[in-house]
Every structure is written in structure tokens, then in C-alpha cells.
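Residues per chain, in single letters:
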Amino acid sequence: MSIGSTQLYATRLLVCLGLVYGVLGVVNSDTASSQTNLRDDLEVLAPRGTYFKRQINWFQQSPEIRDANQRCYARRGDRFVISSYRRPVNESQVREDDRNSRYFGNIEDPNDYWEVTFRDVPDGCSTQQNEGGLTWFVYRRHVRITPTQVR
């Protein structure tokens, strides 16, 4: 037996296996799963609802943000379709050092929040400034994000 004929069998074997798996993949394809996709839903769980914030002023509570363009209220049970979410990037813990602030000494961790982009701007948040896929910050313990199948 020569070495050249051994290489021929290995090549022939790989080609045959490729054809077999290709045919099996076409025959056993699941057409229903190819017509569905997933989307992420954000549901508000906090008993009193929650606020979405636009700025990273962690120590300031959302109800105290007076500019309506910088915050948005959502009630418990409200569901929103989101296009993306992640933990805030390149943010470090913030400590309030202003001795005149009621939050003096508070430390807020950005990892307690989600940075969320809504697919559609939630009702009550739809000012011109808030459109166009801008991100909001949501307190993670107030919400649940779940993937949902869409047909």
C-alpha cells in the first residue's frame, strides 16, 4: 500500500461525510424555528413603579430629577420592547463628596443599573429629545428582562 493512495481515501472520506451531513441538514431542517426570532422585553416589577434616567447621576434619586427630558416613570406591570441592554460601560462607583448634599457619603455602583435602548420610546417619554435610540438607565432590581419569541 502506498502513501499516495492513503491520502486519496482520506479525501474521499471527508467529501462523502460532508455530502451526507449536508443532505441530512436539509432533510431534517426545522422550518418553524427559522421563521421565529427572539426579542427582549423589559417588565417593571417594583411595587411603586420605577423611573428611567437619562444621565449617570447615580446618587440622585429619579423623582428628584425635575427635567422631564431626563427621566421617565413606568408603572408596575408595564412591559417594553427593548433593542439592547447592558451594564454601563467604563463607569466607576460614584461617591457624593459635597458636604451640603443630602447624599453626602453615599456610594452608588453603576452595576446596579441596566443601560437600555428601547425599540419604541415608552409613552410619556416621547419628547423630541428622547427619540432616535438614545439610552436610558434603569435600576436592575426594579425590572426583569426576558427574551420572548416573535413569529
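Computed from a prediction, not measured in an experiment: that's the story for all the values here. (Residues numbered from 1 in each chain as written. Predicted model: local features only at pLDDT ≥ 70, side-chain atom pairs only at ≥ 80, totals over all residues. Heavy atoms only, no water.)

Asks: I'd like a description of the packing of aromatic side chains, backed by residues and values.
Replies: Inspection of every chain in the model, using the stated rule, returns 6 aromatic pairs. Centre to centre, the rings of Phe80 and Phe118 are 5.6 Å apart; their planes meet at 75 degrees, and the pair counts as edge-to-face. Placement of Phe80 in strand E4 (residues 79-86) and of Phe118 in strand E7 (residues 113-118) is noted, with a sequence separation of 38 residues between them. For Phe80, a relative accessible area of 14% corresponds to the buried category. Among the aromatic side chains, those forming a connected cluster through ring pairs are Phe52, Phe80 and Phe118. (Phe/Tyr/Trp six-rings, centres within 6.5 Å; stacked < 30°, edge-to-face > 60°. Helix = DSSP H or I, 4+ residues; strand = E, 2+ residues; numbered from the N terminus. Buried < 20%, exposed > 50% of the residue type's maximum accessible area, 1.4 Å probe, protein only.)

Asks: Any details on the pairing of strand E8 (residues 135-139)? Residues and values, ideally.
Replies: Note that strand E2 (residues 50-53) and E8 share 2 bridges and pair antiparallel. In the sheet register, Lys53 faces E8, and the bridge partner there is Phe137. Relative to E8, E7 is paired through 5 bridges, and the arrangement is antiparallel. Along E8, the bridge assignment pairs Thr117 with Thr135. (Pairing = 2+ DSSP bridges.)

Asks: Mind laying out the confidence of the model for the chain, listing which residues take part and the relevant values?
Replies: Residues of the chain with pLDDT of at least 70 account for 67%, and the chain-wide mean is 74. Helix H2 (residues 31-34) is the least confidently modelled element of the chain, averaging 39 in pLDDT, while E4 averages 89, the highest of any element. For the stretch residues 29-36, pLDDT sits under 50, and the model shows 5 contacts to residues farther than four places along the chain or on other chains. (pLDDT = per-residue confidence, 0-100. Contact = heavy atoms within 4.5 Å.)

Asks: Now, about the pattern of salt bridges: what can you tell me, with residues and values included?
Replies: Per the counting criterion, the structure on display carries 4 salt bridges. Residues Glu43 and Arg144 are paired through a salt bridge, measuring 2.7 Å at the closest nitrogen-oxygen approach. With Glu43 in strand E1 (residues 37-44) and Arg144 in strand E9 (residues 143-150), this residue pair connects regions lying 101 residues apart in the sequence. Note on Glu43: relative accessible area 15%, which makes it buried. By relative accessible area, which is 38% here, Arg144 ends up partly exposed. A salt bridge links Glu115 to Arg86; its shortest N-O distance comes to 3.3 Å. With Glu115 in strand E7 and Arg86 in strand E4, the pair connects residues that are 29 residues apart, well separated along the chain. Residue Glu115 is classed as buried on the basis of its relative accessible area, which comes to 12%. Connected through salt bridges with shared partners, the residues Asp41, Glu43, Arg79 and Arg144 form a single ionic network. (Salt bridge = Lys/Arg side-chain N within 4 Å of Asp/Glu carboxyl O.)

Asks: Talk me through the environment of Arg141; I want residue IDs and the actual numbers.
Replies: Inspection of the secondary structure puts Arg141 in the loop between E8 and E9. By relative accessible area, which is 69% here, Arg141 ends up exposed. Between the C-alpha atoms of Arg141 and Leu45, which are 96 residues apart in sequence, the distance is 8.1 Å.

Asks: So what's going on with the nonpolar core? Residues and values would help.
Replies: Among the nonpolar cores identified, the biggest contains 15 residues, and Leu42, Phe52, Phe80, Val116 and Phe118 are the most heavily contacted of them. Those elements that place two or more of their residues in this core are E1, strand E3 (71-74), E4, E7, E8 and E9. A per-element tally of this core places E7 first, with 3 residues. (Core = buried A, V, L, I, M, F, W, Y, C linked by side-chain atoms within 4.5 Å.)

Asks: Requested: an account of the pairing of E3, with residues and values cited.
Replies: Residues Cys72 and Ala74 of E3 are buried on one face, while the alternating residues Arg71 and Tyr73, pointing to the opposite face, are not. In terms of strand pairing, E2 meets E3 through 4 bridges, oriented antiparallel. Opposite Lys53, over in E3, you have Arg71 as the bridge partner.

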